[in-house]
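Structural description and commentary
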Amino acid sequence: KESKAAKSKAGASYDIALLNTDNGVVTRFPPEPSGYLHIGHAKAAMLNDYFAHEKYNGTLLLRFDDTNPSNEKQEFQDAIVEDLALMGIKPNKVSYTSDYFDELYAYCIEMIKTGHAYADDTDKETMAAQRMDGIPSARRELSPEESLARLEEMKSSTPEGLRWCIRAKISPDDKNKALRDPVIYRCNPHPHHRTGTKWKIYPTYDFACPVVDSMEGVTHALRTIEYRDRNPQYQWMLDALKLRHVQVWDFARMNFIRTLLSKRKLTKLVESGVVWGWDDPRFPTIRGIRRRGMTIPALREFILKQGPSRTITLFDWALIWATNKKYIDPVAPRHTAIVTQDVVKVIITNAPATFTEEKPRHAKNAAVGMKTVTFASNVLMEQVDAKSYKQDEEITLMNWGNAFVRKITADANGTITHLELELNPQGDVKKTEKKVTWLAETPDMVPVELVDFDYLLKKDSLSEDDVLEDVLNYDTEHRESALADSNVAQFKEGDIMQFDRKGFYRCDRAATPGSPAVFFNIPTGKAK
Ligand code: ATP
Ligand code: MG
Ligand code: MG
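Residues numbered from 1 in each chain as written. Chains lettered and ligands numbered in written order. Predicted model: local features only at pLDDT ≥ 70, side-chain atom pairs only at ≥ 80, totals over all residues.

Details of the sheet that holds strand E5 (residues 165-168)
Spatial ordering of the open sheet is given by E4-E5-E6-E7, a layout of 4 strands whose pairing is antiparallel. On the outer flanks of this sheet lie strand E4 (117-120) and strand E7 (201-203), each paired with one strand and no other. Between one strand axis and the next, the sheet turns by 20° as a mean value, whatever way the strands run. Bridge analysis of E4 against E5 gives 4 bridges, and the strand direction is antiparallel. The partner of alanine 117 across the bridge, within E5, is alanine 168. Each of E4, E5, strand E6 (183-187) and E7 is contacted by helix H4 (residues 101-113), which is oriented at about 95° to E4, the strand it contacts most. Packing against the sheet, helix H6 (residues 144-155) makes contact with E4, E5, E6 and E7, and its axis sits at approximately 60° to E4. (Pairing = 2+ DSSP bridges. Helix = DSSP H or I, 4+ residues; strand = E, 2+ residues; numbered from the N terminus. Axes fitted to C-alpha atoms, helices over the stretch in contact; angles between N-to-C directions. Contact = placed C-beta atoms within 7 Å.)

Remarks on the UniProt feature "domain: Glutamyl/glutaminyl-tRNA synthetase class Ib catalytic" (unreviewed entry) in the protein chain
UniProt's entry tags residues 25-329 with the feature "domain: Glutamyl/glutaminyl-tRNA synthetase class Ib catalytic" (unreviewed entry), counted in the numbering of this structure. Spanning residues 25-329, this segment combines 41% helix with 15% strand, and its end C-alpha atoms are found 37 Å apart. (UniProt positions renumbered as here; feature names shortened; annotations may be inferred.)

Details of the site of ligand 1
For ligand 1, the set of nearby residues contains 15 residues, the closest of which are Pro31, Gly40, Ala44, Thr224 and Lys263. If you list the elements that add at least two residues to the shell around ligand 1, you get helix H2 (39-55) and strand E8 (220-224). For the shell around ligand 1, the element with the most residues is H2, which contributes 4 residues. (Near = placed C-beta within 6 Å.)

Overview of the sheet that holds strand E20 (residues 416-423)
An order of E21-E18-E19-E20-E14-E17-E22 is seen for the 7 strands of this open sheet, with the pairing classed as mixed. The open sheet is flanked by strand E21 (435-436) and strand E22 (439-440), the only strands paired with a single partner.

A short note on the domain arrangement of the protein chain
Taken domain by domain, the protein chain comprises domain 1 (2-96 + 210-325), domain 2 (101-206) and domain 3 (334-522). The centre of domain 2, based on its C-alpha atoms, is set 64 Å off from the matching centre of domain 3. (Domains from an automatic or database assignment.)

So, the environment of asparagine 231
By the secondary structure assignment, asparagine 231 is in helix H8 (residues 231-240). The class of asparagine 231 is partly exposed, set by 17 C-beta atoms lying within 10 Å. When the C-alpha positions of asparagine 231 and glutamine 247 are compared, they lie 9.8 Å apart, and in sequence the two are 16 residues distant. (Buried ≥ 20, exposed ≤ 12 C-beta atoms within 10 Å, placed from the backbone.)

Thoughts on the UniProt feature "domain: tRNA synthetases class I (E and Q) anti-codon binding" (unreviewed entry) in the protein chain
The sites that carry the UniProt feature "domain: tRNA synthetases class I (E and Q) anti-codon binding" (unreviewed entry) are, in the present numbering, residues 435-508. In the segment residues 435-508, helix accounts for 5% and strand for 41%; the C-alpha atoms at its two ends are 29 Å apart.

What to know about unusual backbone geometry
The backbone of aspartate 342 shows a phi angle near 55°, a positive value even though the residue is not glycine. Positive phi, close to 70°, is recorded for aspartate 392, a residue that is not glycine. One can find aspartate 392 in the loop between helix H13 (383-388) and strand E18 (394-397). For aspartate 392, a count of 11 C-beta atoms within 10 Å gives the class exposed.

Things to note about the pairing of strand E27 (residues 517-522)
Most of E27 sits out of view: 5 of its 6 residues are buried. Where strand E23 (residues 446-453) lies against E27, 4 bridges are found, and the strand directions are parallel. Bridging from a neighbouring strand, valine 451 pairs with phenylalanine 520 of E27. Of the strand pairs in this sheet, strand E26 (residues 503-509) and E27 are connected by 5 bridges, and their pairing is antiparallel. Paired with arginine 506 across the two strands is phenylalanine 520, which belongs to E27.

Looking at helix H5 (residues 124-133)
In terms of burial, H5 is a largely surface element, 0 of the 10 residues being buried. In the segment just after H5, glycine 134 is the residue with positive phi, at about 75°.

Focus on the packing of helix H7 (residues 205-215) against H8
Where H7 contacts H8, the two axes come as close as 9 Å, and the packing angle between them is 60°. Classified by the interaxial angle, the pair formed by H7 and H8 is oblique. For the element pair H7 and H8, the recorded crossing hand is right-handed. Residues Asp206, Phe207, Cys209, Pro210, Val211 and Ser214 of H7 lie in contact with H8, whose contacting residues are Gln233, Tyr234, Met237 and Leu238. The residue makeup of the contact of H7 with H8, split by class, is 7 nonpolar, 2 polar and 1 charged. (Parallel < 35°, antiparallel > 145°, perpendicular 65-115°, else oblique. Left-handed = near helix turned anticlockwise from the far one by under 90°. Nonpolar A, V, L, I, M, F, W, Y, C, P; charged D, E, K, R; others polar.)

Considerations on H4
Over its 13 residues, H4 extends 18 Å from the first C-alpha to the last, a length consistent with the 18 Å expected when each residue adds 1.5 Å. The set of residues buried in H4 consists of Phe101, Leu104, Tyr107, Cys108, Met111 and Ile112. For H4, the buried positions fall inside an angular range of 140° around the axis, keeping them on one side. Opposite the buried face of H4, at more than 90 degrees from it, the exposed residues are Asp102 and Ala106. Residue glycine 115 follows H4 closely and has a positive phi angle near 75°. (Expected span 1.5 Å × (residues − 1). Arc of directions from axis to C-beta.)

A closer look at the nonpolar core
With 75 residues, the main nonpolar core has Ala42, Ala45, Met46, Cys108, Ala117 and Ile166 as its most contacted residues. With 9 residues, the top contributor of residues to this core is H2. Among the domains, domain 1 (2-96 + 210-325) and domain 2 (101-206) are the pair contributing at least three residues each to this core. Among residues more than four places away in sequence, those in contact with alanine 42 are Leu37, Met87, Ile286, Leu299 and Ile303. Counting 41 residues, the second largest nonpolar core, distinct from the first, contains Ile338, Val436, Val446 and Ala484. (Core = buried A, V, L, I, M, F, W, Y, C linked by C-beta atoms within 7 Å.)

Things to note about the environment of alanine 351
Mapped onto the fold, alanine 351 is located in the loop between strand E14 (344-348) and strand E15 (355-360). Residue contacts for alanine 351: discarding those within four places in its chain leaves Phe375, Ala376, Ser377 and Leu423.

Below you can see the structure in the form of structure tokens.
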């Protein structure tokens, strides 16, 4: 109940306009297990989940579209299941197109017998050219008997069989090119991750999708808009086989600037070592954006706000990160880190003996708890701050109070090497211009590494003729070493927090003896 209310807070309310929902709603998310889910897939998955589970009391199917064994792997399949769970999406049933290979094969035979399909051995280039020009294949009038004989050869993967495919006999020259006799079955000798070597022929998506949608009782098939030309073909298959019709709804693909959203291209970057793996924080995968600090409620709000609209969008990442900030800002504990390069050692001449105090980890949210702050005469400051001070200037030490800058020592390059401050407990923190970060120099300071990332692409959007290698940004990872307050030792992988005046971070690796904790900067949608 509660999670439903929380979900609806995303503000989404729309309908599958004009579609008939009288007989219940069954939607499906049909990923091909050929890569990890990315943010575009999240849109498809969340929309299907929204209609099945939030808008209607319906059913959500997860169906692996595993019809091309060359691309598909168990690893990807498992990752998809995990990532859906991570997104809080619970399919009512999990199935595989490969569960239906026997039925699909039988339907293919039926198509041939009823004159709705034929075997063809036209080579790829010729077939494409004929399709373009509306020329019928030389095999178009092959008899059902001959076509069936070819299908048998394809099935046993004989050298002759490997040359053939099966095409739906729709039209050689319809003005919708998707209707120009699409291929419905083709050979692939590659072993399948589920069915092994049982099959050497596989149905195409164009054939399997409508048939299995219909067989599984799908009422509403949501598809991205680039399939729109194929909608008549989808319905034609069902007519040819006298199967129950399915209502199709097209929605817009979601794209982001400087971002690849194609499993094929993402695979290339993984395999060539441009990124660390599928969960690289620069990747638009669910794992990648999560590792960068995206939260699932923010992702869901962002996606459901767009809804199933058909307007093609190219988003700036700033928008979704700004949504994410709304979720993390109220709960992220605040801590302190000082960059160690050119760190400035500071003496506070009139500081009391070292003492500690319990302070809230979040000024506006007591539920975030307390942290221990150490106050001492030896503190560290950052070079950028130190460089800005003028002799005798009054500054504010954050969460401590005001102090006068009494002595500034610099080397020949102007790098500040030493500072002396004098606390001014009577000083008014509202009157100073600079609120600066400081950290008591104690043995329990925690070494941390602060990592910031940039886009993997140098261009906002790619055109057909862009070569991937030419548009890749090879300078996307910036690391700084820092020292953080002792409380930071408690952070575990996945924790989200803020370093004062630096930004939000997600702990990617906890500190261990001898190696620093690693924190990834979380974008907030603001330009730096
Ligand atoms: P990719 O090109 O990344 O491989 P795909 O469409 O081939 O994408 P599938 O696994 O077949 O990948 O897709 C599963 C579902 O996700 C489909 O319904 C597909 O339309 C949808 N989808 C894929 N990319 C996007 C996107 N960028 N925006 C919205 N939906 C998407
Ligand atoms: Mg696909
Ligand atoms: Mg694709």
